[in-house]
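# Summary of the model geometry
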Amino acid sequence: MNPAQSPAWAALAAQAEKWSSLHLREVFAQDPARAERYVADAAGIELDYSKNRIDNETLALLQQLAVDTGVKARIDAMFAGEKINNTEDRAVLHVALRNRANTPVLVDGHDVMPDVNAVLTRMFAFADKVRSGEWKGRTGRAITDIVNIGIGGSDLGPLMVCEALKPYGHERLSMHFVSNVDGAQIIQTLKKLDPETTLFVIASKTFTTIETLTNANSARAWFLASGASEADIAKHFVAVSTNGPKVSAFGISTDNMFGFWDWVGGRYSLWSAIGLPIALYLGPDNFKALLEGAHAIDQHFRTAPFEKNLPVLMGLIGVWYANFLASPSVVIAPYNQNMHRLPAYLQQLDMESNGKGVRRDGEKVEYKTGPIIWGEPGINGQHAYFQLLHQGTHLIPLDFILALDQADLDPTHHAVLISSCLAQSAALMRGKTADEARAELTKAGVSGEKLEQLVKHKTFEGNRPSNMLVLDALDPKHLGALIALYEHKVFVQGAVWGINSYDQWGVELGKQLASGIQNALKTGSGEDDYDASTQRLIKLARNRLTT
Ligand code: F6P
């Protein structure tokens, strides 16, 4: 249904009015028990959502909105393998990839679990061989460097996980990720590598992505230029794709291909063979732990009541800000350096999924949908973008992410890290009143006109909301759970908004135009198909490319 027609929608709009005159500082003072009440946990992750502009009434209405929009039925449909990606007529079953219970999951009456398990078994056997040194390069030396060539979902997931779990990485193996078609990236990467000990993973769901194929061709040329033969490619190149014929056409034997299926969306694919770099670097046991963490959240998402359901709570709170409090964006602030690619990963996950303007039935939406997701590790952000969050004019809720434990933990550093994270969420919420600023300045010896002038600048409005996600530890299991939590948060929002979170037609037009422009750059023909500005820019670039 159109969510705006739900009675809960109108009631939430009235709630928003109420919240326009409430300050979280006072709300906490009157009801400190909300700190205990607005906490939920699952799979070793605690969500403290007490510092949000919500109360029992708001939450009840949001949950009613989820009921009215049929969120539960959508969840059941996804797990049942129904083709909820209606524009591509596909099931959406990343949950099957980590279904550690191994219960049957049917797509068109076919149980996909034996296929899933067979690919995992092949991936793990290959990973074990590379890790142990049994898999040799063409001159008999063990692999030391792995280069994943892929983009979007065929890059960000494995990259983010390998970075986040670096302390678990194999000591002999160095990981490299090449995604950009800008030649500088592959040139700089290959410069450091020895072709005799380098393994390339060419990762592309479609195996038609121009960036990936251009980089893969350059990698192959570099490899062959080292004196290797075509036959040696089998020892140094593997492919991950759903498209066997294209992989063969590229010159990689399908014996060296790890497959997956059309019911795995690119941005949901790190659990599939796209996760091969993760299995290679972290090992099969850690990959399994990642899957287990995600599976634990899947179970929770499927069975927990909405009022205790982490993805549902996060999704609904996000709907509240986007649709009722006019907030356009969400910051992801992990307080862990190794999680530095998480914001970029979640940017694709969320924005490619819910950046939609029509509902599943093709009707234009009349309300805001997916938020703008951005961020950086929080501690660095404090010294960069946090100023705008504290005193700027936009309302931007944050997700703080904190791990109580991690490998490579230094207690002194960790105490500074944790206290900074907690301090920021408290400061954003409470702010600083003019009286507090005045007292501080007076204590510092400032007085008169200067004091009154500075008070205005040193006052913080506060009332800025945030979630605090606390992981027991940053390890494979908890990271798997965290990623799955965000996947399902995105699902809940897509379900409430009635959109299809699993297609991405918006990226296609640029791809189509790029292929014509590439031709125009090479040959000069077809320029007239473009607007005057683009024609002029094509000429500018062509002159430079040909000189
Ligand atoms: O252009 C967007 C996109 O299709 C993403 O959805 C996807 O993750 C990425 O490109 C890479 O696609 P592929 O894995 O097919 O190369």
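Residues numbered from 1 in each chain as written. Predicted model: local features only at pLDDT ≥ 70, side-chain atom pairs only at ≥ 80, totals over all residues. Heavy atoms only, no water.

For the protein chain, the count of helices and strands is 24 helices and 13 strands. Against the compact-globule benchmark of 24 Å for 547 residues, the protein chain has a radius of gyration of 25 Å, which places it among compact chains. Within the protein chain, the proportion of its 547 residues that are buried is 54%. In the form shown here, the protein chain has an accessible surface area of approximately 23100 Å², with 53% of it arising from carbon and sulfur atoms. Of the charged side chains in the protein chain, 52 are positive and 60 negative; the average position of the first set lies 4 Å away from that of the second. (Helix = DSSP H or I, 4+ residues; strand = E, 2+ residues; numbered from the N terminus. Rg over C-alpha atoms; globule rule 2.2 N^0.38 Å. Buried < 20%, exposed > 50% of the residue type's maximum accessible area, 1.4 Å probe, protein only. Areas by Shrake-Rupley, 256 points an atom, 1.4 Å probe, with all protein chains shown as cover. Lys, Arg positive; Asp, Glu negative; His and termini not counted. Charge placed at Lys NZ, Arg CZ, Asp CG, Glu CD.)

Now for the site of the ligand. In the vicinity of the ligand there are 13 residues, among which Ser154, Ser204, Lys205, Thr206 and Thr209 approach most closely. Taken by itself the ligand offers 390 Å² of open surface, and the protein chains cover 87% of this. Judged by its atoms lying within 2 Å of the grid points, the ligand is housed in the largest pocket. Considered class by class, the residues forming the shell around the ligand number 2 nonpolar, 8 polar and 3 charged. (Near = heavy atom within 4 Å. 1 Å grid on protein atoms, 1.4 Å probe; cavity = no way out; pocket = protein on both sides within 12 Å on 5 of 7 lines; lining within 4 Å. Sits in = over half its atoms within 2 Å of the grid points. Nonpolar A, V, L, I, M, F, W, Y, C, P; charged D, E, K, R; others polar.)

A word on the layout of surface pockets. Where empty space is left can be seen by rolling a probe of water-molecule size over the atoms. One number sums up the size of the largest pocket: a volume of about 960 Å³. If you trace the largest pocket, you find 36 residues lining it, with Thr206, Thr209, Val507, Glu508 and Lys511 closest to the centre. Partitioning the lining of the largest pocket into residue classes produces 12 nonpolar, 15 polar and 9 charged. Every residue lining the second largest pocket is counted, 21 residues in all, and those nearest its centre are Asp155, Leu159, His176, Phe177 and Gln185. For the lining of the second largest pocket, the elements supplying multiple residues, two or more each, are helix 8 (156-164), strand 6 (174-178), helix 9 (183-191) and helix 16 (342-354). (Points joined across faces, edges and corners; volume = space filled by probe spheres on them.)

Time to look at unusual backbone geometry. Despite not being glycine, Asp108 has its phi angle at roughly 50°, a positive value. Looking at the secondary structure, you find Asp108 in the loop between strand 3 (106-107) and strand 4 (110-111). Phi angles above zero are rare outside glycine, and Ala326 is one such case at about 55°. For Ala326, a relative accessible area of 68% corresponds to the exposed category.

Moving on: the sheet that holds strand 1 (residues 39-42). The 6 strands lie next to each other as 1-2-13-12-10-11, forming an open sheet whose pairing is mixed. Edge positions in the sheet fall to strand 1 and strand 11 (372-375), since each has one partner strand and no second. Direction aside, the axes of adjacent strands within the sheet are offset by 20° on average. Inspection of the sheet shows strand 10 (residues 329-334) paired to strand 12 (residues 398-403) by 4 bridges, in the parallel sense. Paired with Val331 across the two strands is Leu398, which belongs to strand 12. Relative to the sheet, helix 19 (residues 411-430) contacts strand 12 and strand 13 (466-471), its axis offset from that of strand 12 by approximately 155°. (Pairing = 2+ DSSP bridges. Axes fitted to C-alpha atoms, helices over the stretch in contact; angles between N-to-C directions. Contact = heavy atoms within 4.5 Å.)

Here we come to the pairing of strand 2 (residues 45-48). In terms of strand pairing, strand 1 meets strand 2 through 4 bridges, oriented antiparallel. Within strand 2, the residue paired with Ala40 across the bridge is Leu47. In this antiparallel pair of consecutive strands, strand 1 and strand 2, the connection spans 2 residues, and Ala43 shows a positive phi of 50°.

You can see His390 is positioned in helix 18 (residues 386-391). His390 sits in the buried class, given a relative accessible area of 10%. Filtering out sequence-adjacent residues up to four positions away, His390 remains in contact with Gln424, Ala427, Leu428, Phe460 and Arg464.

Here Pro114 is to be found in helix 7 (residues 113-132). On the accessibility criterion, Pro114 (47% relative accessible area) is partly exposed. Remark: the alpha-carbon pair of Pro114 and Pro104, spanning 10 residues in sequence, is separated by 8.7 Å.

On to empty space enclosed by the protein. One pass over the structure, following the stated rule, counts 6 cavities of 30 Å³ or more. Along the walls of the largest cavity sit Met314, Ile317, Gly318, Tyr321, Val330, Pro397, Leu398, Asp399, Asn467 and Lys489, which together make up its complete lining. Among the secondary structure elements, those contributing two or more residues to the lining of the largest cavity are helix 15 (310-324) and strand 12. In terms of residue class, the lining of the largest cavity is made up of 6 nonpolar, 2 polar and 2 charged. The dominant element in the lining of the second largest cavity, judged by the number of residues it contributes, is helix 22 (residues 476-497), at 3 residues. For the lining of the second largest cavity, the per-class residue count stands at 5 nonpolar, 3 polar and 2 charged.

The next point concerns the nonpolar core. Core analysis: the largest hydrophobic core is formed by 130 residues, its most contacted members being Met123, Val161, Trp263, Trp320 and Leu482. Element by element, the count of residues in this core is highest for helix 22, at 13 residues. Excluding residues that lie within four positions of it along the chain, Trp320 makes contacts with Leu12, Gln15, Ala16, Trp19, Arg53, Ile54, Thr58, Leu62 and Leu325. In terms of nonpolar packing, the next biggest core, distinct from the first, is built from 20 residues, Val147, Leu190, Phe223 and Phe250 among them. (Core = buried A, V, L, I, M, F, W, Y, C linked by side-chain atoms within 4.5 Å.)

The next subject is helix 10 (residues 210-224). Here helix 10 is 15 residues long and its end C-alpha atoms lie 21 Å apart, about the 21 Å a rise of 1.5 Å per residue gives. Those residues of helix 10 that sit buried are Thr212, Asn215, Ala216, Ala219, Arg220 and Phe223. End-on, the buried residues of helix 10 take up no more than an arc of 140°, which puts them together on one face. (Expected span 1.5 Å × (residues − 1). Arc of directions from axis to C-beta.)

Right, let's get into the sheet that holds strand 5 (residues 145-149). Overall, parallel pairing links the 5 strands, which are arranged 6-5-7-8-9 in an open sheet. Each of the sheet's edge strands pairs with one partner strand only, and the pair in question is strand 6 and strand 9 (257-259). The mean angle between the axes of side-by-side strands here comes to 20°, regardless of whether they run parallel or antiparallel. Where strand 5 and strand 7 (residues 198-203) come together, 5 bridges link them in parallel fashion. Looking at strand 7, one finds that Asn148 is bridged to Val201. Across the sheet, helix 9 touches strand 5, strand 6 and strand 7, and the angle it forms with strand 6 is around 160°.

This next bit is on a negative patch on the surface. A surface patch of like charges, here negative, comprises Asp41, Glu46, Asp405 and Asp472. Mapped onto the elements, Asp405 comes out in the loop between strand 12 and helix 19. (Patch = residues over 30% accessible without salt bridge, like charges linked within 9 Å, V, L, I, M, F, W, Y side chains within 5 Å. Salt bridge = Lys/Arg side-chain N within 4 Å of Asp/Glu carboxyl O.)

To continue, consider helix 22. Between its first and last C-alpha atoms helix 22 spans 32 Å; for 22 residues at 1.5 Å apiece the expected length is 32 Å, and the two agree. With 21 of 22 residues buried, helix 22 lies mostly within the body of the structure.

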